[in-house]
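# Architecture at a glance
Chain residues, written in single-letter form:
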Amino acid sequence: MPFKFNEDIAIADVAVEVWADTIDELFKDSGLAVSEVMVDTETVEPLIEKEVSLSSDSVEMLLFDFLSEIVYFKDAHSLLFSKFDVKIVDLNLVAKLFGEEINREKHALRIDVKAVTLYKFSVRNENGIWRAEFVLDI
């Protein structure tokens, strides 16, 4: 998994840096990083599929909205995800999220993510590698 948690950026939040070869992989791995903050994704089976379709004027806000959807599904529908299929064309995203309902006896729960923040939020392509940085409010 090509992501890391930056503990020196935010103390009461979780700062994440993700990198990938393609924009689709960047979004997929960013979604997985958000999920890993909340739960050991190895304990979440891909039993339920949810589809997300989003559009935006910028790649940054598209990623922000996508990650916010993951938090929304956790809060509104008690769903956690362990697998993501993402396709982006011209700032239009279609994604399939695979997971299951929260089960405190089965899942190795970690930290409750309240929201994705815009603090230090960035998406960029550096020498052919896509990078994203974001902070999660916990």
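What you see is a predicted model; the values in this text were computed from it and never measured.

## Brief notes about the pairing of strand E7 (residues 129-137)
Note: strand E2 (residues 13-20) against E7, 8 bridges, orientation antiparallel. By the bridge assignment, Trp19 is partnered in E7 with Arg131. Note: strand E6 (residues 115-126) against E7, 8 bridges, orientation antiparallel. Bridge pairing in E7 places Asn125 opposite Trp130. Linkage of E6 to E7, two consecutive antiparallel strands, is achieved through a turn of 2 residues, within which Asn127 is found at a positive phi near 55 degrees.

## So, the packing of helix H1 (residues 23-38) against helix H2 (residues 59-77)
It is the contact of H1 with H2, at a shortest axis distance of 10 Å, that shows an interaxial angle of 35 degrees. Classified by chirality, the crossing of H2 by H1 is right-handed. Along its contact with H1, which presents Ile23, Phe27, Ser30, Gly31, Val34, Ser35 and Met38, the element H2 presents Val59, Leu62, Leu63, Phe66, Leu67, Ile70, Val71 and Lys74. The class makeup of the residues in the contact of H1 with H2 is 11 nonpolar, 3 polar and 1 charged.

The rules we used
- The residue numbers shown here count from 1 along each chain, following its written sequence.
- Given that the model is predicted, a residue must reach a pLDDT of at least 70 before its local features are reported, and side-chain atom pairs must reach 80 or more before they are shown or counted; all residues, however, enter totals for whole chains, interfaces and linings.
- Water and hydrogen atoms play no part in the side-chain values, which are based on all heavy atoms of the structure.
- Only when DSSP finds a minimum of two bridges between them are two strands counted as paired.
- Working definition: helices are DSSP H or I runs of at least four residues, strands are E runs of at least two. Numbering for both runs from the N terminus.
- Axis definition: a line fitted to C-alpha atoms, over the contacting stretch in the case of helices. Angles run 0 to 180 degrees between N-to-C directions.
- Crossing chirality is assigned from the near helix's rotation relative to the far helix, an anticlockwise turn below a right angle marking it left-handed and a clockwise turn marking it right-handed.
- Working rule for contacts: check all heavy atoms of both residues, and any pair within 4.5 Å makes them a contact.
- Throughout, the ten residues Ala, Val, Leu, Ile, Met, Phe, Trp, Tyr, Cys and Pro are labelled nonpolar, Asp, Glu, Lys and Arg are labelled charged, and all others, Gly among them, are labelled polar.

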